[in-house]
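Listed below, chain by chain, are the residues.
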Amino acid sequence: MLIVILVGTNPLPCYLSAVYLIKRYEECNNLEVILISSEQNNEKNQIGTKSIAERIEAQLKNILEISNGMVKIHSLTDINSDKEIKKIVKELRNEDIKAHLNYTGGTKTMSALFYHHMSEAFIDSFSSSYLDARNHKILIFNDEGENSN
């Protein structure tokens, strides 16, 4: 099971989503968590979130006693680059695993592009989620064919 978490400037919702999803899918074989962050790029007015992803990674390893290699960070140089996001999804693609995208963090463009490319790449083995702050629930879509929370 591959869990992809988009990391935004607020670490708490991303961290809570990661903890919840790891617990939800802990029985799955080969559980891997990918934190998608961004590099700071002043020319593109892009705030870097790599340090936030590193803090989330450290907490996940510490609190959940996750083994090394189970959590990885991919950092985008351009969060609006369809080509860069498509390349990352292609690298993550494996026909033998299910994939889950949590788009609580990140920008709208980043979320839309990751959702588009992951839903195409993983077709029948793709689910997604969002931490809805108004309802204090994680909304999960296409997991076991039904919406859940």
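Relevant structure appears above.
Residue numbers restart at each chain and count upward from 1, following the sequence in its written direction. With the structure being a predicted model, the display of local features is reserved for residues of pLDDT at least 70 and the display and counting of side-chain atom pairs for 80 or more, all residues being used for whole-chain, interface and lining totals. Computation of side-chain values covers all heavy atoms of the structure but excludes hydrogens and water.

1. Comments concerning the overall build of the protein chain
Point 1. When its secondary structure is counted, the protein chain shows four helices and seven strands.
Point 2. In DSSP terms, a helix is any run of H or I states spanning at least four residues, a strand is any run of E spanning at least two, and both are numbered starting from the N terminus. For the protein chain, the sequential pattern of α-helices and β-strands runs β-α-β-α-β-α-β-α-β-β-β.
Point 3. The globule rule is 2.2 Å times the number of residues to the power 0.38, and the radius of gyration it is compared with is taken over C-alpha atoms. For 149 residues, the compact-globule estimate of 2.2 N^0.38 gives 15 Å, and the protein chain sits close to it at 14 Å.
Point 4. Throughout this description, buried means an accessible area under 20% of the type-specific maximum (1.4 Å probe, protein chains only), exposed means over 50%, and partly exposed covers the range between. Across the 149 residues in the protein chain, those meeting the buried criterion constitute 46%.
Point 5. Residue pairs in contact within the protein chain that sit at least 24 positions apart in sequence constitute 68% of those at least 6 positions apart.
Point 6. Summing over all exposed atoms, the protein chain offers an accessible surface of approximately 8,500 Å²; the carbon and sulfur share of this is 46%.
Point 7. Distance between charge centres in the protein chain, computed from 16 positive and 20 negative side chains, equals 4 Å. Contacts: residue pairs with any heavy atoms within 4.5 Å of one another. Throughout, the Shrake-Rupley method with a 1.4 Å probe supplies accessible areas, and for residues the shown protein chains are the sole cover considered. Counted charges follow a simple rule, with Lys and Arg positive, Asp and Glu negative, and His plus the chain ends left uncounted. For charged residues, the charge sits on one atom: NZ in Lys, CZ in Arg, CG in Asp, CD in Glu.

2. Side note on the environment of Phe-141
Point 1. Relative to the elements of secondary structure, Phe-141 occurs in strand 6 (residues 137-143).
Point 2. For Phe-141, a relative accessible area of 26% puts it in the partly exposed group.
Point 3. Along the primary structure Phe-141 and Leu-101 are separated by 40 residues, whereas in three dimensions their C-alpha atoms are 9.8 Å apart.

3. Considering the packing of aromatic side chains
Point 1. Only Phe, Tyr and Trp rings are paired, with Trp represented by its six-membered ring, and only when their centres lie within 6.5 Å; those with planes under 30 degrees apart are stacked, over 60 edge-to-face, the remainder tilted. All told, the structure shown has three aromatic pairs when counted by the stated rule.
Point 2. The interplanar angle of 90 degrees and the centroid separation of 6.3 Å between the aromatic rings of Tyr-103 and Tyr-115 together place this pair among those described as edge-to-face. On the criterion of sequence distance, the pair formed by Tyr-103 in the loop between strand 4 (99-102) and helix 4 (108-122) and Tyr-115 in helix 4 is long-range, its members being 12 residues apart.
Point 3. Of the residues examined, Tyr-115 reaches a relative accessible area of 31% and is grouped as partly exposed.

4. Things to note about the nonpolar core
Point 1. Think of a nonpolar core as a cluster: buried Ala, Val, Leu, Ile, Met, Phe, Trp, Tyr and Cys residues, connected wherever their side-chain atoms sit within 4.5 Å. Among the nonpolar cores identified, the biggest contains 25 residues, and Ile-3, Ile-5, Ile-22, Leu-35, Ile-56 and Leu-60 are the most heavily contacted of them.
Point 2. Elements with a contribution of two residues or more to this core: strand 1 (2-6), helix 1 (11-24), strand 2 (32-38), helix 2 (50-63) and strand 6.
Point 3. Examining the composition of this core, we find that six residues originate from one element, helix 1, more than from any other.
Point 4. In terms of nonpolar packing, the next biggest core, distinct from the first, is built from 21 residues, Val-4, Ile-34, Leu-113 and Phe-126 among them.

5. Re the packing of helix 3 (residues 82-92) against helix 4
Point 1. To obtain an axis, a line is fitted to C-alpha atoms, over the contacting stretch when the element is a helix, and the angle between two such axes runs from 0 to 180 degrees between their N-to-C directions. For the pair helix 3 and helix 4, interaxial distance at closest approach is 9 Å and the crossing angle is 40 degrees. Taken together, the axis directions place helix 3 and helix 4 in an arrangement best described as oblique. Taken as a pair, helix 3 and helix 4 cross one another with a handedness that is right-handed. Of the residues in helix 4, those touching helix 3 at Asp-82, Ile-85, Lys-86, Ile-88, Val-89 and Leu-92 are Met-110, Leu-113, Phe-114, His-117, Met-118, Ala-121 and Phe-122. Convention used here: angles under 35 degrees read as roughly parallel, angles over 145 as roughly antiparallel, angles from 65 to 115 as roughly perpendicular, and any remaining angle as oblique. Handedness of a helix crossing follows the sense of rotation of the near helix relative to the far helix, less than a right angle counterclockwise being left-handed and clockwise being right-handed.

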